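Residue-level listing of the chains:
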Amino acid sequence: MAKMEVKTSLLDNMIGVGDMVLLEPLNEETFINNLKKRFDHNEIYTYIGSVVISVNPYRSLPIYSPEKVEDYRNRNFYELSPHIFALSDEAYRSLRDQDKDQCILITGESGAGKTEASKLVMSYVAAVCGKGAEVNQVKEQLLQSNPVLEAFGNAKTVRNDNSSRFGKYMDIEFDFKGDPLGGVISNYLLEKSRVVKQPRGERNFHVFYQLLSGASEELLNKLTLERDFSRYNYLSLDSAKVNGVDDAANFRTVRNAMQIVGFMDHEAESVLEVVAAVLKLGNIEFKPESRVNGLDESKIKDKNELKEICELTGIDQSVLERAFSFRTVEAKQEKVSTTLNVAQAYYARDALAKNLYSRLFSWLVNRINESIKAQTKVRKKVMGVLDIYGFEIFEDNSFEQFIINYCNEKLQQIFIELTLKEEQEEYVREGIEWTHIDYFNNAIICDLIENNTNGILAMLDEECLRPGTVTDETFLEKLNQVCATHQHFESRMSKSSRFLNDTSLPHSCFRIQHYAGKVLYQVEGFVDKNNDLLYRDLSQAMWKAGHTLIKSLFPEGNPAKINLKRPPTAGSQFKASVATLMKNLQTKNPNYIRCIKPNDKKAAHIFSEALVCHQIRYLGLLENVRVRRAGYAFRQAYEPCLERYKMLCKQTWPHWKGPARAGVEVLFNELEIPVEEYSFGRSKIFIRNPRTLFKLEDLRKQRLEDLATLIQKIYRGWKCRTHFLLMRKSQIVIAAWYRRYAQQKRYQQIKSSTLVIQSYIRGWKARKILRELKHRKRCEEAATTIAAYWHGTQARRELKRLKEEARRKHAVAVIWAYWLGLKVRREYRKFFRANAGKKIYEFTLQRIVQKYFLMKNKMPSLSPIDKNWPPRPYLFLDSTHKELKRIFHLWRCKKYRDQFTDQQKLIYEEKLEASELFKDKKALYPSSVGQPFQGAYLEINKNPKYKKLKDAIEEKIIIAEVVNKINRANGKSTSRIFLLTNNNLLLADQKSGQIKSEVPLVDVTKVSMSSQNDGFFAVHLKEGSEAASKGDFLFSSDHLIEMATKLYRTTLSQTKQKLNIEISDEFLVQFRQDKVCVKFIQGNQKNGSVPTCKRKNNRLLEVAVP
Ligand SMILES: Nc1ncnc2c1ncn2[C@@H]1O[C@H](COP(=O)(O)OP(=O)(O)OP(=O)(O)O)[C@@H](O)[C@H]1O
Ligand SMILES: [Mg+2]
């Protein structure tokens, strides 16, 4: 949301008048009353045009906060209530934006708040100007130069606890953007007499007290100082402590500030050493000592302090001691040394202390300048801030007051010049006719003081330089001669003095009528102070110091650069520096802050009218207002003026379309303001009399009230109407909703009533129908029932009739049967009783047996192996049944056998033999049962390959088959043709058919085999027989059972001896000489289902059977 700009003006909520120019009537009383009224309301700032009057509140007011800074930032000067920030902002902006160098001249008497004001200006400018690390450092250094300078240059006086005892002018330098670059400080006339002596109730410079209170023990020891103030002659004791001031804390602040400003540690230490040396100088005391030539000579009472000073500063003790005792005057290459008496020695000591301190102060300013000077050569914009002692009128006014008041005269001069110039320039700029303004020009007073030929300062210098005895009295005499005719100079001797007989004008005095009042000066000390002499011996002693800082402070002590010319006097020096300052100020746009001290008690809330009146007078503030008001009291640019008063005229309210000036013209015409009361400038309206402005303001106030009422009226009307409209709208909405709701309700009621009625009617109708239906149904049911009853009756009648009929028929039959039976029984009774029972029994039995034996459709199978047999039907036939089964089986076996041929009989005999031999003994046997025994598997007759073999055998071949003969040596097998004839057993080569061995059956003693499912068998031969030379045979064959059976049968039929067949899993065979055990091992088979044979060793041949 855009921030709404609220246009305000200085004229808003004014307490008294914010700008004295508007004061009506204008006189001292109204002026003071206005100031007082504002002061009582905490409005300490009041304007005179662009000049700010500041009344010291002597308490902290909440008007310097960062928020206030923001309030005043970039606002027009007259937009807000008077404030030092408004002036600072105006100056800064015109410096930054219009490239005009500025100076801020702060004047006022001691304790009026000049230094505070200058710090406020600096802090405001620091707050609103650019930001950034570098800029901040510059700002910080500029701000921190204040505590350092205040410590060394400020002191407690009766008027001000922190009175600046020097004049200060500081140029703050900015770049084109308005960022600070650095600064230059000039100092004017430090009140050095304070170092050695302070008036009652006042203190020496702060730094002495700060050092003694705040330094660490270590530092104090180093500086050979003691914490006790009373140890030092230069410190006044009656006001050593200042209320609300913590010297120790301030010491830390100062040291910290020095660090920030850029002092090296050794530099800060050197400075403190000089301060210590000054303090200690005060403790050197002298005593008179008579010399032979009758002259008084001074001697240092206690050399201890001197020794310590010398140690601290690195000065040869004897040199310093001598410098305190002798004075050497050089004139025309001649050196004359005179002794110093005690008074002169004290004078010398104090002069040294004052010089040391004031030179140290100047050195500090220079050192700070070195740190804060701008680091760039680009063109700088400058804002100068002058915080200089104001006009001073004391009871005893001396040289210092004279100098200070001279400075103020000069400032007044420049103020008049610049203010008038500015005023005039504005008139020219605005095209307003310039009317002469009557005011007091103080140039004449300045001339009285500074005129080069007969000015007071020139006279003083002349006196000081004049050979011969020079005293303050001779100086006054001279003044009486030269200035007597001047209208602003008065003295007892002046011929034109109107106060010739006035005893208030003492003898050794002269009076000057300054622009701000008359001041009576005591001539005592003028010459001395103007001379500002330091004996050359002392400056030379200082130059010889080992302490570099001290040495650098006294360059004139260098004997090589000895200068017989007198140094410029204090007066001329000051005059020159004031001249430079004035020249500098004249090039800048001035801004004035006039500080006023409200009371002498440094107290808040007290406004002493007499005191303020005095200040107003000598500050020439009324004059100031008059000058400002000479032509026109008030001026304002057309736009804000129109903006402010446009409501006073119908044409301009609420908006004026044309140019602002035309608007203002119309406005003023309409208001009938007399034409002589105002003038139209180019951009501003000039109002001659404040009354006119106040009239405008009153009208505006009245009109604003009317407008407020109007606005209020319209607003109230609008608010009520809006409210009414809202209510109406709401009422319509509510009514609509309510109607809808009511209609809904009614509708629902009607609907539910309808439903009730409807349901009643429907119920009634339904019940009516139901009743009818029920009636009809009952009628139907009644008919049916009646019909049913009727039918029932009829049916029962019929049934009864039929039953009657049937009973009768049955009864006839029964009766008939009975009758027949009776007849038969009567006929057969005589036969039946004797035979019938037995005959019936036999017949029945016969029938049963017949039926059983016939076994109709239940005849058992004729197969001998069929075990089925029909069950017996009657229990009593059990034994018959079994017998019948046995007989039947025998009969069917016989029947079966009778079919066999001889050939078949032989085969079955052989099979029977095999069964007897091997059944339940050898596991191979069951598989052989189904295989027919073929004997000659190998048809030798047909195969021509075996012709030779066939020819060799004459007998009938019983077995011809290929067997595996196991090699006796390694258990491997070779195929051999195995031939069994009636008498022999032959082995022949399978390929060639050549007979390999022939064993007569008589030599075969035994056949051995395992009980397992393998075809291995051994043929044991008779020991000693021819065939047995190679040992027993070990074969394996697929037809082992057949071969063993046939071998057994053939042997039996040929030799009539039963062949021994041994079935065992471990048996011995004779291989040549060795008996070898053949062992059968079940399982553990590697190569599938084929039994394998392996010769394990000499004694063992292992056969693995699957
Ligand atoms: N704006 C202010 N708000 C609060 N207190 C203030 C203000 N101005 C001045 N004072 C008080 O008044 C005292 C004196 O002010 P300051 O030192 O500025 O006077 P001065 O005009 O510089 O005097 P001198 O000429 O002796 O240096 C300050 O120490 C402070 O206590
Ligand atoms: Mg001050």
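Note that the structure is predicted; figures quoted are calculated from it, not measured.

A. Summary view of the overall build of the protein. For the protein, the count of helices and strands is 31 helices and 31 strands. At 79 Å, the protein has a C-alpha radius of gyration far larger than the 32 Å of a compact globule built from 1106 residues. Buried positions account for 46% of the 1106 residues belonging to the protein. Of the contacts formed within the protein by residues at least 6 apart in sequence, a portion of 63% connects residues at least 24 apart.

B. Quick peek at the coordination of the magnesium ion (ligand 2). For the magnesium ion (ligand 2), the full set of protein donor atoms is Thr115 (OG1) and Ser164 (OG), at a range of 1.9 to 2.0 Å. Taken as a pair, Thr115 in helix α4 (residues 114-128) and Ser164 in strand β5 (residues 163-164) lie far apart in primary sequence, 49 residues in all. Taken individually, Thr115 and Ser164 each receive the classification buried, so the pair is uniform in this respect.

C. How the structure looks around the packing of helix α10 (residues 265-281) against helix α13 (residues 342-372). Taken N-terminus to C-terminus, the directions of α10 and α13 make an angle of 160 degrees; their axes are 9 Å apart at the nearest point. Taken as axis vectors, α10 and α13 run roughly antiparallel relative to one another. Judged by the sense of rotation from one axis to the other, the crossing of α10 with α13 is left-handed. Between α10 and α13, the contacting residues are Glu267, Val271, Val274, Val275, Val278 and Leu281 on the first element and Arg349, Leu352, Ala353, Leu356, Tyr357, Leu360, Trp363, Leu364 and Arg367 on the second.

D. Expanded view of the sheet that holds strand β13 (residues 489-491). Strands sit in the order β13-β14-β15 across an open sheet of 3 strands; the sheet is antiparallel. The open sheet has two edge strands with one neighbour each: β13 and β15 (517-522). Averaged over all adjacent pairs, the angle separating strand axes in this sheet is 25 degrees, with direction ignored. The sheet contact formed by strand β14 (residues 509-514) and β15 spans 6 bridges and is antiparallel. Paired with Phe510 across the bridge in β15 is Tyr521.

E. Local environment of the UniProt feature "binding site: ATP" (unreviewed entry) in the protein. UniProt records the feature "binding site: ATP" (unreviewed entry) at Gly108, Glu109, Ser110, Gly111, Ala112, Gly113, Lys114 and Thr115, using the numbering of this structure. Looking at where Glu109 falls in the secondary structure, it is placed in the loop between β3 (102-108) and α4. Residues contacting Glu109, with those up to four places away along its chain left out, are Lys114, Gly390, Phe391, Cys595, Lys597, His614, Gln615 and Tyr618. On the secondary structure map, Ser110 appears in the loop between β3 and α4. For Ser110, the side chain forms a polar contact with the side chain of Ser163, separated by 3.3 Å.

F. Examining the packing of aromatic side chains more closely. Going through the model one piece at a time under the given rule, you end up with 40 aromatic pairs. On the numbers, 5.4 Å between centres and 75 degrees between planes, the contact of Tyr896 with Phe900 is edge-to-face. Residue Tyr896 is classed as partly exposed on the basis of its relative accessible area, which comes to 37%. Between Phe900 and Tyr908, the aromatic rings sit 4.9 Å apart at their centres with planes inclined by 0 degrees, giving stacked as the arrangement. Here the aromatic cluster, defined as three or more aromatic residues joined through ring pairs, consists of Phe399, Phe402, Phe475, Phe489, Phe510, Tyr521 and Phe526. Note that Arg203 overlies the ring of Tyr209, its terminal NZ or CZ placed 3.9 Å from the centroid.

G. Spatial organisation of a negative patch on the surface. Together, Glu395, Asp396, Glu473, Glu477 and Glu524 make up a negatively charged patch on the protein surface. Assignment of secondary structure puts Glu395 in the loop between β12 (381-387) and α14 (399-430).

H. Examining the environment of Arg691 more closely. Mapped onto the fold, Arg691 is located in helix α26 (residues 690-854). Counting along the chain gives 667 residues from Arg691 to Glu24, while the straight-line C-alpha distance between them is 7.0 Å.

I. Region of interest: the site of ligand 1. Within the structure, ligand 1 sits among 17 residues, and Ser110, Lys114, Thr115, Ser163 and Ser164 are positioned closest to it. The side chain of Asn56 places a nitrogen or oxygen atom 2.7 Å from an oxygen atom of ligand 1. Here an oxygen atom of ligand 1 and a side-chain polar atom of Ser110 are 2.5 Å apart. Notes on ligand 1: free accessible area 620 Å², of which the protein chains cover 86%.

J. Structural detail: unusual backbone geometry. For the bond running from Glu24 to Pro25, omega is -15 degrees, close enough to zero to count as cis. Its place among the elements puts Pro25 in the segment before α1 (28-40). Looking along the chain, the bond that leaves Trp653 and enters Pro654 is cis, with omega of 0 degrees. Counting through the fold element by element, Pro654 comes out in the loop between α24 (638-645) and α25 (660-670). A positive phi angle, near 55 degrees, is found at Tyr58, a position not held by glycine. Within the element layout of this structure, Tyr58 appears in the loop between β2 (51-55) and α2 (66-72). For Tyr58, a relative accessible area of 21% puts it in the partly exposed group.

K. Inspection of the sheet that holds strand β29 (residues 1074-1082) at higher detail. Across the sheet, which stays open at both edges, the 4 strands sit in the order β28-β29-β31-β30 with mixed pairing between neighbours. The sheet is open, and its two edges are formed by β28 (1066-1071) and β30 (1092-1095), each paired on a single side. Taken pair by pair, the neighbouring strands of this sheet meet at an average axis angle of 25 degrees, ignoring direction. Here β28 runs beside β29; their pairing, made up of 6 bridges, is antiparallel. Among the inter-strand pairings, Phe1067 is bridged to a residue of β29, identified as Val1078.

L. Fine view of a nonpolar patch on the surface. Taken together, the side chains of Tyr841, Leu845, Val849 and Phe853 present a nonpolar region at the surface, about 380 Å² in accessible area. Structurally, the position occupied by Tyr841 is in helix α26.

M. Fine view of the side chain of Asn408. Tracing the backbone shows Asn408 in helix α14. Setting aside anything within four residues of it in sequence, one finds Asn408 in contact with Thr107, Tyr389, Gly390, Phe391 and Tyr515.

Cut-off values and rules
Residues numbered from 1 in each chain as written. Chains lettered and ligands numbered in written order. Predicted model: local features only at pLDDT ≥ 70, side-chain atom pairs only at ≥ 80, totals over all residues. Heavy atoms only, no water. Helix = DSSP H or I, 4+ residues; strand = E, 2+ residues; numbered from the N terminus. Rg over C-alpha atoms; globule rule 2.2 N^0.38 Å. Buried < 20%, exposed > 50% of the residue type's maximum accessible area, 1.4 Å probe, protein only. Contact = heavy atoms within 4.5 Å. Donors = N, O, S within 2.8 Å, 3.2 Å for Na, K, Ca; no water. Axes fitted to C-alpha atoms, helices over the stretch in contact; angles between N-to-C directions. Parallel < 35°, antiparallel > 145°, perpendicular 65-115°, else oblique. Left-handed = near helix turned anticlockwise from the far one by under 90°. Pairing = 2+ DSSP bridges. UniProt positions renumbered as here; feature names shortened; annotations may be inferred. Polar contact = N/O pair within 3.5 Å; in protein donor to acceptor, adjacent residues only side chain to side chain. Phe/Tyr/Trp six-rings, centres within 6.5 Å; stacked < 30°, edge-to-face > 60°. Lys NZ or Arg CZ within 6 Å of the ring centre and 35° of its normal. Patch = residues over 30% accessible without salt bridge, like charges linked within 9 Å, V, L, I, M, F, W, Y side chains within 5 Å. Areas by Shrake-Rupley, 256 points an atom, 1.4 Å probe, with all protein chains shown as cover. Salt bridge = Lys/Arg side-chain N within 4 Å of Asp/Glu carboxyl O. Lys, Arg positive; Asp, Glu negative; His and termini not counted. Charge placed at Lys NZ, Arg CZ, Asp CG, Glu CD. Near = heavy atom within 4 Å.

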